[in-house]
Amino acid sequence: MELLVTIAKTVLYVAAVFGVTLLHVAYATYFERKVIGRMQGRIGPVEVGFRGLLQPFADMVKSLFKEDIIPAAADRTLFFLAPVIVVASVMTSLAVIPFFNNGAIANLNVGVLFIFAMASLAVYGIIVAGWSSNSKYSFFGSIRSAAQVISYEIAMGISLAGVFLMAGSVNLNDIVLAQREQPLGMFAVLQIVGFVVFVISAFAETNRTPFDLPEAETELVAGYLTEYSGFRYALFFLAEYISMYIMAALIALCYLGGWALPGFVTRALPFLEQVPGIIWFLIKVYAFMFFYFWVRATLPRYRFDQLMAIGWKILIPVSVVNIVITAFVKRWLM
Amino acid sequence: MIPLSWYLMLGAGLFVIGMFTFLVRRNIIMMLISLELMLNAVNIMLIATSHYMQDMRGQILAFFVMAGAAAGVAIGLAILIAAFRNRESANMDEFDLLKG
Amino acid sequence: MKQRFPDFIKKILFVEILKGLALTFRTMLKPPVTRQYPKERRDPKPGFRGQHAFVRDAVTKREKCVACQKCAIVCPSRCISIRYTTDDSGARKLTKYEIDALRCIFCGYCESVCPVCAIVLTETYEYASYSRDGFLYDRERLLLNWDEFAARLKRDSYFNMFWRPAGCDVRRLPAGKREQQAIPAGRKPEAKSQKSEEENTENGRPSPSVGEGGRI
Amino acid sequence: MLPEFFFGYFACAILGLAMLTVTRKNLVHSVLWMLLLFLHIACLYLFLNAEFLAVIQVIVYAGAILVLFLFLVMLLNLREEHEARRFVKAWQGRLAVCILLLTVIVISVYKAAVQPTGGYSITFINEMGHTKVLGTVLFNQYVLPFLMTALVLFVPMVAAIVLAMKERKR
């Protein structure tokens, strides 16, 4: 009986997390269109509902009812499977993100590594999507994307190692708790180099501008998404936004102090302890989401060789030097 | 509690599948894949034994096996690319000239 | 070396990128420039070259075209085709006048070359059609276009700026052009229509077409 | 009962997926079945209380090695394995060898049981965290082999670049 209650509670919590995340994802698209619109002197969606607030649902309904086109020469099974792989792998990463103290579905000791593992699975969805649609553009897009994601994962992992060294743990909850006594309550101050490297890699990892080469619409029609339409396209879209959220959450947790407030703030203003941690967490996540959109509205796309050069020749060496210095300081000076 | 021998037999089965494939299939990529299967079988055995002996050495060894597997695949696939340029084939039996 | 060093520092600190980000952020705080088109329409400026029309003559109630073929000759895209018959006195009579609006490039040469100001590119810009035939304007359709345009015109009167090409001495223009006055819009009282902003003051002879008003 | 059930499922799945992997004609399908196989093996590692190794299994095998395979299969366009003449046609002999090997291994491990000799009990690992325990052992007792691993990874990297660059020089 007790087991059943536990299972039911877990299932409800999982459903709540996924449901709320999907709602957030839906409104992230609205947020993005509004922000980019205003940055380009436009107004963004206004027609559907009050100030266009129902636009995400209109988009969803539209993509659900669109014709589902399958290329004749496609590998049908894999073509169907690819969006599922991508969505499943990014949604699984949601399980280890602590939204508040001990608020993760699964408080794994290897939380960050788990997210990396899932990110590396998402690459398969992209490669399989490009290969199975049997189209040149899709294939180029998927190969580019895979090369990009794999190489930037290295820089990302190495830059996070600095955080692991500072926190002494790979558990996301412990990392957040370790930041409370840091200056400003975040690792982003002392780990500024790692932070910058991580942010740049996060853009590349989620295939966002200025590193959105897999979907570079001026050269490859829509990259690996070219042959997808309707619901399957929507699934890829969903996966991209969830992975943006996950990257934003990782940055909030590992560098910006997560759901916790800095120690000096809570000592000075004890009543802030009463505010639920998820609010601080969401503020940080949305600040970073805004940054995503902000950069998208500002910067042009890099060339592919520039992208690879930035990844391998700048970010990876810089992050390696960062770990070495961090380890040295941690071992002998602190 | 699952007996250790179950894990070992599972590893043995996986190893033999890999080995048979390595002997029978002539595609180089397939042979490399079966090599990976065998390494994984060994890893299962190592980690299981390490768990039952409550000793970390088996897991450390499995860790090194993974590193070795990655290195092996990198060099194997590089050789395959070099060979493919000469023969336009990935079939082991077609590499039958000493001049390559 | 002296030059490169600040560049290097700039690169590390992302100076240029931050400048760009600041620019977009400032733009975000400014009001948007969007015009919600079907809801908010903008009146075209005088001289806008839109849908083709034949000016309906106030006296004859027909087009003023004299079948001189000038417009057909000057047209760069050759979208005007004219047929006429000649009667005993040698006067031409228009039998067919067609404009293929899909080929038209809206250069406005036809209206500036027309000696009697018969053809005009009106300020109508919404004339989509479901068929290609809908863009093949014949005489009746061109007259109809004028009527529709005149009914919608919000200004007091209409005078097309291409009727008197810029840089030409007005006195050297053909009579039909010289004497062309602003056409009063149908709904407005006649008296007001006399002074129009486009009207040239040098030869203010009252036009014969003014009497009845443009709208018929 | 539950552990046995799960172990049974994973054992059957691993063997079945291995069979699927090695019997596919289409190499892309083969690689993708192998991906599923590696995920199952990673789950098996979780049973064995080796969560760090499970994650590393996914990151290294699924995230790096298999992607390399997939890249190569796609770039060389090896979609269908074509038939070619073989040196040795008989496969029965090899099957016999394999079955013999299986028998030998199974007989030798059938009664295998070990005594817990080390100090790394399940409770100890859970308390410390598997990553920490593994890291402590790795960086204290096995530093030299670990550094050698770096060399083992470095040499193939150089070799791979040299082999792949060969064509461009001409």
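Residues numbered from 1 in each chain as written. Chains lettered and ligands numbered in written order. Predicted model: local features only at pLDDT ≥ 70, side-chain atom pairs only at ≥ 80, totals over all residues. Heavy atoms only, no water.

Student: Explain the overall build of chain A to me, please; I cannot follow it from the model alone.
Tutor: A tally of helices and strands in chain A yields 11 helices and zero strands. Across chain A, helices and strands are ordered from the amino to the carboxyl terminus as α-α-α-α-α-α-α-α-α-α-α. Relative to the 2.2 N^0.38 estimate, which gives 20 Å for 334 residues, the radius of gyration of chain A is 21 Å and therefore close to what a compact globule would have. When the backbone C-alpha atoms are referred to their principal axes, chain A occupies close to 60 × 50 × 50 Å. By residue count, 56% of the 334 residues in chain A fall in the buried class. Considering only contacts within chain A whose residues lie at least 6 apart along the sequence, 78% involve residues at least 24 apart. (Helix = DSSP H or I, 4+ residues; strand = E, 2+ residues; numbered from the N terminus. Rg over C-alpha atoms; globule rule 2.2 N^0.38 Å. Buried < 20%, exposed > 50% of the residue type's maximum accessible area, 1.4 Å probe, protein only. Contact = heavy atoms within 4.5 Å.)

Student: Explain the arrangement of the chains to me, please; I cannot follow it from the model alone.
Tutor: The interface with the highest contact count, out of three pairs of chains in contact, is the one between chains B and D. Chain C makes no contact with chain B, the minimum C-alpha separation between the two being 34 Å. At no point do chain C and chain D touch; the closest pair of C-alpha atoms across them sits 30 Å apart.

Student: Would you mind showing me how to read the packing of aromatic side chains here?
Tutor: The description of two aromatic rings rests on the distance between their centres and on the angle between their planes. Residues and elements named next belong to chain A. Throughout the structure, instances matching the rule amount to 44 aromatic pairs over all chains. Considering the side-chain rings of F288 and F291, the 5.9 Å spacing of their centres and the 45° angle between planes classify their relative orientation as tilted. With F288 and F291 both in helix α10 (residues 277–298) and three residues apart, this pair spans about one turn of that helix. Of the residues examined, F288 reaches a relative accessible area of 6% and is grouped as buried. Taking the relative accessible area as the measure of exposure, F291 reaches 25% and is therefore partly exposed. (Phe/Tyr/Trp six-rings, centres within 6.5 Å; stacked < 30°, edge-to-face > 60°.)

Student: Explanation requested: the state of the cysteines in the structure shown.
Tutor: Each disulfide is one covalent bond, formed between the sulfur atoms of two cysteines. All names here are of chain C. By the definition in use, this model includes zero disulfides over all chains. Cysteine C104 shares no disulfide, and the gap to the nearest cysteine sulfur, in C79, comes to 4.6 Å. Of all cysteine sulfurs, the one in C75 lies closest to C107, which takes part in no disulfide; the gap is 6.0 Å. (Disulfide = S-S within 2.5 Å.)

Student: Teacher, can you tell me more about the side chain of A:R208 here?
Tutor: All names here are of chain A. Along the polypeptide, R208 turns up in the loop between α7 (192–205) and α8 (230–254). Residue R208 is classed as buried on the basis of its relative accessible area of 4%. Separated by 3.4 Å, the side chains of R208 and E240 make a polar contact. (Polar contact = N/O pair within 3.5 Å; in protein donor to acceptor, adjacent residues only side chain to side chain.)

Student: Where do I start with the packing of helix α1 (residues 4–24) of chain B against helix α2 (residues 28–53) of chain B in this structure?
Tutor: How two helices pack is summed up by the angle between their axes together with the distance between the axes. Residues and elements named next belong to chain B. Closest axis-to-axis distance for the α1/α2 pair is 8 Å, and the angle between their directions is 165°. Comparing their axes, α2 and α1 come out roughly antiparallel. Here α1 runs over α2; the crossing is left-handed. Looking at the contact of α1 with α2, its residues break down into 19 nonpolar, six polar and no charged. (Axes fitted to C-alpha atoms, helices over the stretch in contact; angles between N-to-C directions. Parallel < 35°, antiparallel > 145°, perpendicular 65-115°, else oblique. Left-handed = near helix turned anticlockwise from the far one by under 90°. Nonpolar A, V, L, I, M, F, W, Y, C, P; charged D, E, K, R; others polar.)

Student: What is the right way to look at the domain arrangement of chain A in this model?
Tutor: By a widespread convention, an interface's size corresponds to the accessible area lost as its parts come together. Residue and element names in this part refer to chain A. According to the domain assignment, chain A consists of domain 1 (1–65) and domain 2 (71–332). In this structure, domain 1 and domain 2 have C-alpha centres spaced 20 Å apart. Tallying the contact residues gives 17 residues for domain 1 and 24 residues for domain 2. Our count for the domain 1 to domain 2 interface comes out at two salt bridges. Between E32 and R296 there is a salt bridge whose closest N-O contact spans 2.5 Å. The interface formed by domain 1 and domain 2 contains six residue pairs in polar contact (both at pLDDT 80 or more). Elements supplying a minimum of two residues to the side of domain 1 that touches domain 2: α1 (2–39) and α2 (55–65). Looking at the side of domain 1 that touches domain 2 element by element, the count peaks at 15 residues for α1. When its residues are assigned to classes, the side of domain 1 that touches domain 2 shows 12 nonpolar, four polar and one charged. (Domains from an automatic or database assignment. Salt bridge = Lys/Arg side-chain N within 4 Å of Asp/Glu carboxyl O.)

Student: What is the right way to look at a nonpolar patch on the surface in this model?
Tutor: Residues and elements named next belong to chain A. On the surface, L23, L54, F57, M60, V61, L64, F65 and F231 cluster together into a nonpolar patch covering about 800 Å² of accessible area. Looking at which element gives the most residues to the nonpolar patch, the answer is α2, with five residues. Tracing the chain through its elements places F231 in helix α8. (Patch = residues over 30% accessible without salt bridge, like charges linked within 9 Å, V, L, I, M, F, W, Y side chains within 5 Å. Areas by Shrake-Rupley, 256 points an atom, 1.4 Å probe, with all protein chains shown as cover.)

Student: Would you explain unusual backbone geometry in this entry?
Tutor: The phi angle of most residues is negative, glycine excepted, and most peptide bonds adopt the trans form. Residue and element names in this part refer to chain C. Look at R78: it is not a glycine, yet its phi comes out positive at around 55°. Tracing the sequence through the fold places R78 in the loop between α3 (70–74) and β2 (80–86). Phi angles above zero are rare outside glycine, and C117 is one such case at about 55°. Relative to the assigned elements, C117 resides in the loop between α4 (109–113) and β4 (119–121).

Student: What is the right way to read helix α3 (residues 51–75) of chain D from this model?
Tutor: Because an α-helix completes one turn every 3.6 residues, residues spaced three or four positions apart along the sequence face the same direction. Residue and element names in this part refer to chain D. In this model α3 runs 34 Å from its N-terminal to its C-terminal C-alpha over 25 residues, within 8% of the 36 Å that 1.5 Å per residue would give. In terms of residue burial, α3 counts as a mostly covered element, since 20 of its 25 residues are buried. A positive phi of about 55° marks N77, the residue just after α3. (Expected span 1.5 Å × (residues − 1).)

Student: Explanation requested: α2(B) in the structure shown.
Tutor: Residue and element names in this part refer to chain B. Here α2 spans 37 Å end to end across 26 residues, near enough to the 38 Å set by a 1.5 Å rise per residue. In terms of burial, α2 is a largely internal element, 20 of the 26 residues being buried. Between a side-chain oxygen at the N-terminus of α2 and the backbone nitrogen of I29 the separation is 2.9 Å; the capping residue is N27. Backbone geometry just downstream of α2 places Q54 in the positive-phi region, at approximately 55°.

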